[in-house]
Amino acid sequence: MNTEKKNGIFSFLYCNRVKVNKGSTPILNLSLLFSILGVLTAPWLVVAGVIVALALGYKFAFERNAAGFSNDFDQVVKGAASNVRTVVDNVTDRVEDVVDDVKDRFDGDDNTHE
């Protein structure tokens, strides 16, 4: 299976959504990709959740090509990777600053005790 066809399948599964609403309040908005993953990994939990949700009056809907999720899946993955890189860089910079501050404080304390 070529990469373009795989991306097409993932894009299709990502853009199509399973929605659960209580009145006009959205409760759950999962891509078909993660819905299938949930059914494959914990089918008993999904079945129990659906039964409870129906008993409590929640409404289920399937939305094709959902607005806001129509990007190519490859772009979504690249955007997520970029976000992760940015967060890791920011955290690394802050940790380095804290370590430098602690070192400076200990170095300053050592000089005052001599």
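Preceding block: the structure.
Now for a description of the structure that goes with this document. Since the model is a prediction, treat every value here as computed from it, not as a measurement.

1. Brief notes about the overall build of the chain
A tally of helices and strands in the chain yields 4 helices and 3 strands. The N-to-C order of helical and strand elements in the chain reads α-β-β-α-α-β-α. Burial status across the chain gives 13% buried among its 114 residues. In the chain, the proportion of contacts linking residues at least 24 apart, taken out of those at least 6 apart, comes to 58%.

2. A word on the sheet that holds strand β2 (residues 25-31)
The strand order β2-β1-β3 describes an open sheet built from 3 strands, whose pairing is antiparallel. Each edge of the open sheet carries a strand with a single partner, namely β2 and β3 (59-63). For this sheet, the mean angle separating the axes of adjacent strands, direction not counted, is 20°. Inspection of the sheet shows strand β1 (residues 17-22) paired to β3 by 5 bridges, in the antiparallel sense. Bridge pairing in β3 links V20 to F60.

3. A few points about the side chain of R17
For R17, the location among the structural elements is in strand β1. Within polar-contact distance, the side chain of R17 engages the side chain of N29 at 3.0 Å.

4. Here's the deal with helix α2 (residues 32-41)
Restricting attention to buried positions, one finds in α2 the residues L32, L33 and S35. What you see down the axis of α2 is that its buried residues fit within an arc of 165°, all on one side.

5. Topic: a negative patch on the surface
Among the surface-exposed residues, D89, D93, E96, D97, D100, D101, D104 and D107 lie close enough to one another that they form a single negatively charged patch. In this fold, E96 is placed in helix α4 (residues 73-112).

6. Section: the pattern of salt bridges
A side chain of one charge can pair with a side chain of the opposite charge if their charged atoms are brought near each other. For the structure shown, the criterion picks out 1 salt bridge. As a salt-bridge pair, K19 and E63 come within 2.5 Å of each other at their nearest N and O atoms. Note that K19 is positioned in strand β1 and E63 in strand β3, a separation of 44 residues in sequence. With relative accessibility at 26%, the residue E63 sits in the partly exposed group.

7. Looking at the packing of aromatic side chains
Enumeration over the complete set of coordinates arrives at 0 aromatic pairs. K22 extends its terminal NZ or CZ atom over the ring of Y58, reaching a point 5.0 Å from the ring centre.

8. Considerations on the side chain of S31
Along the chain, S31 turns up in strand β2. Apart from residues no more than four positions distant in its own chain, S31 is found in contact with L13, Y14, N16 and R17.

9. Points about the pairing of β2
In this sheet, β2 lies alongside β1 in antiparallel orientation, the contact comprising 6 bridges. Residue pairing across strands places V20 opposite L28, the latter belonging to β2. Here β1 hands over to β2 after 2 residues, with G23 in that stretch at a positive phi of 70°.

Conventions we followed
- Residues numbered from 1 in each chain as written.
- Predicted model: local features only at pLDDT ≥ 70, side-chain atom pairs only at ≥ 80, totals over all residues.
- Heavy atoms only, no water.
- Helix = DSSP H or I, 4+ residues; strand = E, 2+ residues; numbered from the N terminus.
- Buried < 20%, exposed > 50% of the residue type's maximum accessible area, 1.4 Å probe, protein only.
- Contact = heavy atoms within 4.5 Å.
- Pairing = 2+ DSSP bridges.
- Axes fitted to C-alpha atoms, helices over the stretch in contact; angles between N-to-C directions.
- Polar contact = N/O pair within 3.5 Å; in protein donor to acceptor, adjacent residues only side chain to side chain.
- Arc of directions from axis to C-beta.
- Patch = residues over 30% accessible without salt bridge, like charges linked within 9 Å, V, L, I, M, F, W, Y side chains within 5 Å.
- Areas by Shrake-Rupley, 256 points an atom, 1.4 Å probe, with all protein chains shown as cover.
- Salt bridge = Lys/Arg side-chain N within 4 Å of Asp/Glu carboxyl O.
- Lys, Arg positive; Asp, Glu negative; His and termini not counted.
- Charge placed at Lys NZ, Arg CZ, Asp CG, Glu CD.
- Phe/Tyr/Trp six-rings, centres within 6.5 Å; stacked < 30°, edge-to-face > 60°.
- Lys NZ or Arg CZ within 6 Å of the ring centre and 35° of its normal.

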